[in-house]
Amino acid sequence: MFNIVIFGAPGSGKGTQSEYLINHYGLFHISTGDVLRDHIKRGTELGKIASSYINDGKLIPDELMICILENVLDEHPEEEKKGVIFDGFPRTTEQAKALKEMLERRGGKVDVVIGLDVPEAELIDRLIKRGKESGRSDDNMETIKKRLEVYHNQTSPLRDHYVAEGVYAAINGTGSIESIFDSIKAAVDNCRK
Ligand code: ATP
Ligand code: MG
């Protein structure tokens, strides 16, 4: 079991690099953003709650988000044994604490946090471009600004937390997708030794 947290601002490439991690290491991928968007698409009660937060650029409340994540783990016991890529979770100190406890109960831990560094101007360019291509309702200038603010206030402090735990690997998230993945692979392999 080897658990990876992929960490970074909106548009930093967490989803893209997760695809490469899945193919290379055969890990189970949980993107909390994808889980929520799937609920919205299916029109579930949870989807209705989630869409109001997402469209406003806000985070889903911790208690609810933690519960959703634990449900996904409970539903995939076999996949979980291989190890998990956590994409978009944790996003708050409360979530980081919950993840630690959740993994401890299951006999695991966060083995490495891959932190993707991308300058803010490039993040905005990428998200605007994605909004045009995918039509994601939160990829518009107004919501992007709010999401970046939420990231700076609530999520980026986690970086220091994981640095202190000695599991944080800072990765330059600019350049070609392949070259970024090469740096990620080096960081992951270094921790798996
Ligand atoms: P990226 O482009 O790097 O994949 P992102 O921030 O654009 O990242 P998602 O991770 O898909 O996109 O998240 C989309 C939205 O879903 C967030 O803005 C937030 O409202 C909600 N969300 C996702 N994960 C969480 C979480 N762990 N806690 C609270 N809300 C979350
Ligand atoms: Mg994503």
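Scroll up to find the structure.
Residues numbered from 1 in each chain as written. Chains lettered and ligands numbered in written order. Predicted model: local features only at pLDDT ≥ 70, side-chain atom pairs only at ≥ 80, totals over all residues. Heavy atoms only, no water.

Enquirer: Tell me about the site of ligand 1, residues and numbers included.
Expert: Looking at ligand 1, there are 24 residues lining it, with K14, T32, K58, R91 and R147 nearest. In the environment of ligand 1, an oxygen atom lies 2.9 Å from a nitrogen or oxygen atom belonging to the side chain of R37. R130 is positioned such that a nitrogen or oxygen atom in its side chain is 2.8 Å from an oxygen atom of ligand 1. A total of 620 Å² of accessible area belongs to ligand 1 in isolation, and the protein chains cover 97% of it. Mapped onto the shell around ligand 1, the elements with two or more residues apiece are α1 (14-25) and α2 (32-42). The element contributing the most residues to the shell around ligand 1 is α2, with 4 residues. Taken together, the residues of the shell around ligand 1 break down into 8 nonpolar, 8 polar and 8 charged. (Near = heavy atom within 4 Å. Polar contact = N/O pair within 3.5 Å; in protein donor to acceptor, adjacent residues only side chain to side chain. Areas by Shrake-Rupley, 256 points an atom, 1.4 Å probe, with all protein chains shown as cover. Helix = DSSP H or I, 4+ residues; strand = E, 2+ residues; numbered from the N terminus. Nonpolar A, V, L, I, M, F, W, Y, C, P; charged D, E, K, R; others polar.)

Enquirer: Which residues make up the packing of aromatic side chains, and what values go with them?
Expert: Each aromatic ring pair is characterised by the separation of its centres together with the angle its planes make. Going through the model one piece at a time under the given rule, you end up with 3 aromatic pairs. Aromatic pair F7 and Y151: ring centres 6.3 Å apart, planes at 50 degrees, arrangement tilted. Taken together, the residues span a long stretch of sequence, with F7 in strand β1 (residues 4-8) and Y151 in helix α8 (residues 141-155) at a distance of 144 residues. With a centroid separation of 5.4 Å and 50 degrees between ring planes, the pair formed by Y20 and F181 is classed as tilted. Placement of the pair is Y20 in helix α1 and F181 in helix α10 (residues 177-192), with a sequence separation of 161 residues. The structure contains a cluster of three or more aromatic residues connected by ring pairs, namely F7, Y151 and Y168. In this arrangement the basic side chain of R192 is found over the ring face of F2, its NZ or CZ atom lying 5.3 Å from the centre. (Phe/Tyr/Trp six-rings, centres within 6.5 Å; stacked < 30°, edge-to-face > 60°. Lys NZ or Arg CZ within 6 Å of the ring centre and 35° of its normal.)

Enquirer: Now, about the side chain of D111: what can you tell me, with residues and values included?
Expert: Tracing the backbone through its elements, the reader meets D111 in the loop between α6 (93-105) and β4 (112-117). Take D111: its relative accessible area is 14%, and that puts it in the buried class. At 2.8 Å, the side chain of D111 forms a polar contact with the backbone nitrogen of N3. A polar atom in the side chain of D111 sits 2.6 Å from the side chain of K109. Setting aside chain neighbours within four positions, we find D111 in contact with M1, F2, N3, V167 and C191. (Buried < 20%, exposed > 50% of the residue type's maximum accessible area, 1.4 Å probe, protein only. Contact = heavy atoms within 4.5 Å.)

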